Amino acid sequence: MTVNGWVQIFMFLALIFAVTKPLGVFMARVFNRERTFLDPVARPLERLLYRVTGVDENHEMRWTEYAVAMLMFSGVSMLLLYLIERVQQWLPWNPQKFGAVAQDLAFNTASSFTTNTNWQNYAGEATMSYLTQMAGLAYHNFASAAVGIALAIAFVRGIARRERETIGNFWVDMTRATLWLLLPMCIVYALALVSQGVVQNLKPYDTVKLIEPQQVQKTGADGKPMVGQDGKPVMDTVTDQTVAQGPAASQEAIKMLGTNGGGFFNANSSHPFENPTPLSNYLQMLSIFAIPAGLTYTLGRMTGSQRHGWAVWAAMAFLFLAGVTTAYWAEARGNPLLRGADQRVSALQPGGNMEGKEVRFGIADSALFATVTTDASCGAINSWHDSFTPLGGMVPLANIMLSETVFGGVGAGLYGILIYVVLAVFIAGLMVGRTPEYLGKKIEAYDVKMAMLVTLVFPLVILALAAISSVAGFGTSSISNAGPHGLTQILYAFTSMAGNNGSAFGGLNGNTLWYNTSGAMTMLIGRFFMIIPMLAIAGNLAKKKYVPPSLGTFPVTTPLFSVLLVGVILIVGALTFFPALSLGPILEHLLMSVGKTF
C-alpha cells in the first residue's frame, strides 16, 4: 500500500461528499416539481411527451397502480429488446453483418438490461450490431436507471406523506428522471470521455497487420481451448488483428451514470477504447456514486429531516471504506504462493498482486474500482476479479451480498438501504419495548413482513441456484477452477445476477442453456420480487398519521443510528451468506496461506 493509493481513495470519497448536497438539492427540486435551470428546455419536451402518450401528469397513483405501470413498461421494453436481438441481421447499422442472437442468450440479455443488471454472456464487439447496442442496450441503460430513480422517489414520498393513498405518478417520475437528470448529464459526460480518447463512430471495424505473427491456441465452437490427441494445445498463427470500434462513448456515459455496467467491448472498462486514461478511470468511478449519494440528501430534504439523510450517507460511507481498505490491503500484500518473487513496491514495479490488472491503473485504482462498482450495482470492471487474492475477491462478492445498501444502484441503492432502515428501527423498538417509529410513522407488522420478504428472496434464489450448479454437471462444466475457487465463481455469478450488479468474476462460461435461462430468471426475481414489497411498504407508510416524537422515540439522525444500521446490514448478510463464503474465498485464503491450492 502506498501514500498515493490512500490519497486517491480518500480524495474519491471527499469528492463524492462534495457533490452529494448540490445534486441532492437539484433532484429534490425536480421531483417536487419546483423550477430548475433546465426547465426552459426540458419542460416543453416533457409536455410534448405527455401529449403524444396521453399521460395525465396531475394523476396520482396508489402503490398498486404504480407497480402495475412499472411492470408493464418493463415487460414491453424487455420484449422489444429481445426482438431487436433476434432480427438484428436484417436491421441497419450492422457493418460487421452479425447474425441473430441465439434464443437463450437473447432472453438472458433482454432480462439483464431491463433489470439494470447488464450481465453479459457475450462479447459485445463480436455479437451486437451498432443498432442493437444503441437502440436496444443503451436505451435500456436509460430506461432501467430512470425506473430505479422513480421507485426511490416513490418510496421517499411514502415516508414523507401523511394520510395519503398515493405515492406519485410512475410515468411522470420516470420522464423527469430522464429529461432533467440522465440525458443532460450524459451529454456532457460523453463529450468529456471523447476528450480522453473514448471512441464514438459508426465505422466498420479496421483490420491491421501485426508487426510480428503470433502463435495462439485455437478455440472450439464451445469457446474452449482446443487440445490435440497428443494432449498438446492446437496452435494457430495469427498475422492480422481486427480493431473494433463504434459508438462507445455515448453508451459508456449512461453505463456509468446509470450504474448499468454493460461494456460496449468485452474487456469492459479495462479496454483502452472504453477507459483510456487514469482521468477517465477516476471520472467513471465518480459518476457511479454521484446519483446514489445525492439521493440520500434528497431523502433528507423531501422528508424534512436532513440529518437523517446524512446518517444514511454515513452508514454507506463506512461500509464503503471497510470494503476498499480490505481489498486494497489484500491485493497490495501480494500472492502468498509466490514467496520467492519480489512483490514489493519499487521504482521498477508496482508491487502486490498485479495479475489481471491494468498497469496504467495499478493496485489502488483496481481495488477502488472493484469496490465502487460492486457497492453500486454497476457491472463495470477494470480488472479481473477472478485474479484477485481470495480475500480481495471476496470484497466485491460480499458487497453485492449486502443487497445494494452501499450507495447502490441509481434509486435501487436508496430503497435497498431503506428496507434495512425499517428493520433497524424495528429492532430498536424491540430493545426499548415500544412500537417502533420512523420519521413520525409507526412501523407495524405489515411493514416488517414486507421488509423481511425482500431480505429473504435475495439469498434464497442465490443459494438455491448456486447449490444446484455446484453439484450438477451442467453447472460445473462451465467453471475453470476446481475446489473453493470454482465455488466462488458460481456463487459470484448468481449473486451478481440476483443483486442486479452484472459484474463477472471471470473464469465461468455463462453462455450455456443453463446459465442463460437460470440467470435470466434470477435477474428478474432479483429486481421485481424486491420492488413489489418495497412499494407495498411505501403505500402503507403514506396512509399513516404523523406521530410526534417522544422521549421513547429512537432518533434516526444520530451516529448511534448509523452504527445500528451498519450492524443490521452486516448481521443479516453475515448470517445468511457466511457458510457459503467459508466454503469459497475464506477456505481458499486459508489454503493459500499454508501454500496449498487446487
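On a predicted model such as this, the values are computed, not experimentally measured, just so you know.

### Observations regarding the side chain of threonine 553
Mapped onto the secondary structure, threonine 553 falls in the loop between helix H17 (513-543) and helix H18 (559-583). There is a polar contact of 3.0 Å between the side chain of threonine 553 and the side chain of glutamate 437. If sequence neighbours within four positions are ignored, threonine 553 has contacts with Arg434 and Glu437.

### Considerations on the packing of aromatic side chains
Going through the model one piece at a time under the given rule, you end up with 27 aromatic pairs. Between the aromatic rings of phenylalanine 26 and phenylalanine 37, the centroid separation amounts to 5.7 Å while the plane-to-plane angle is 40°, which identifies the pairing as tilted. With a gap of eleven residues between them, phenylalanine 26 in helix H1 (residues 3-31) and phenylalanine 37 in the loop between H1 and helix H2 (39-53) connect regions that are remote in the sequence. Overall, the relative accessible area of 13% leaves phenylalanine 26 in the buried class. Classification of phenylalanine 37 as exposed rests on a relative accessible area of 66%. Ring geometry for phenylalanine 458 against phenylalanine 577: centres 6.1 Å apart, planes inclined by 75°, an arrangement best described as edge-to-face. With phenylalanine 458 in helix H14 (residues 445-471) and phenylalanine 577 in helix H18, this residue pair connects regions lying 119 residues apart in the sequence.

### Re the side chain of threonine 109
When you line up the elements, threonine 109 lands in helix H4 (residues 103-114). A distance of 2.8 Å separates a polar side-chain atom of threonine 109 from the backbone oxygen of leucine 105. In this view, threonine 109 contacts Leu81, Glu85, Tyr122, Met128 and Leu137; residues no more than four positions away in its chain are not counted.

### A short note on the pattern of salt bridges
Enumeration according to the criterion identifies 15 salt bridges in this entry. Note that glutamate 252 and lysine 255 form a salt bridge whose closest N and O atoms lie 3.2 Å from each other. Here glutamate 252 and its partner lysine 255 are both found in helix H8 (residues 248-257), three residues apart, which amounts to about one turn of the helix. Both residues of the pair, glutamate 252 and lysine 255, count as buried. Note that aspartate 447 is salt-bridged to lysine 544, the shortest N-O span being 2.4 Å. One end of the pair, aspartate 447, is in helix H14; the other, lysine 544, is in the loop between H17 and H18, and 97 residues separate them in sequence. Accessibility assignment for this pair places aspartate 447 and lysine 544 in one class, buried.

### As for the packing of helix H10 (residues 306-332) against H18
Axis separation between H10 and H18 bottoms out at 9 Å; the angle between their running directions is 45°. The angle between H10 and H18 places the two elements in the oblique class. Where H10 crosses over H18, the handedness of that crossing is right-handed. Only Phe561, Ser562, Leu565, Val566, Ile569 and Leu570 of H18 make contact with H10, whose side of the interface consists of His308, Ala311, Ala314, Ala315, Phe318 and Leu319. Within the contact of H10 with H18, the residues separate by chemical class into ten nonpolar, two polar and no charged.

### Topic: H8
For H8, a buried count of nine out of ten residues is recorded, marking the element as mostly surrounded by other parts of the structure. Among all positions of H8, only Ala248, Ala249, Gln251, Glu252, Ala253, Ile254, Lys255, Met256 and Leu257 are buried. Structurally, H8 contributes buried residues whose contacts are with helix H6 (130-160), helix H7 (170-196), helix H9 (278-303) and helix H11 (362-375). Within two residues after H8, threonine 259 carries a phi angle of roughly 45°, on the positive side.

### Concerning the environment of glutamine 245
By the element assignment, glutamine 245 lies in the loop between strand S2 (235-243) and H8. Glutamine 245 sits in the buried class, given a relative accessible area of 7%. With 42 residues separating them along the chain, glutamine 245 and lysine 203 place their C-alpha atoms 7.2 Å apart. A polar contact is formed between the side chain of glutamine 245 and the side chain of aspartate 206, at a distance of 3.1 Å.

Parameters and conventions
- Residues numbered from 1 in each chain as written.
- Predicted model: local features only at pLDDT ≥ 70, side-chain atom pairs only at ≥ 80, totals over all residues.
- Heavy atoms only, no water.
- Helix = DSSP H or I, 4+ residues; strand = E, 2+ residues; numbered from the N terminus.
- Polar contact = N/O pair within 3.5 Å; in protein donor to acceptor, adjacent residues only side chain to side chain.
- Contact = heavy atoms within 4.5 Å.
- Phe/Tyr/Trp six-rings, centres within 6.5 Å; stacked < 30°, edge-to-face > 60°.
- Buried < 20%, exposed > 50% of the residue type's maximum accessible area, 1.4 Å probe, protein only.
- Salt bridge = Lys/Arg side-chain N within 4 Å of Asp/Glu carboxyl O.
- Axes fitted to C-alpha atoms, helices over the stretch in contact; angles between N-to-C directions.
- Parallel < 35°, antiparallel > 145°, perpendicular 65-115°, else oblique.
- Left-handed = near helix turned anticlockwise from the far one by under 90°.
- Nonpolar A, V, L, I, M, F, W, Y, C, P; charged D, E, K, R; others polar.

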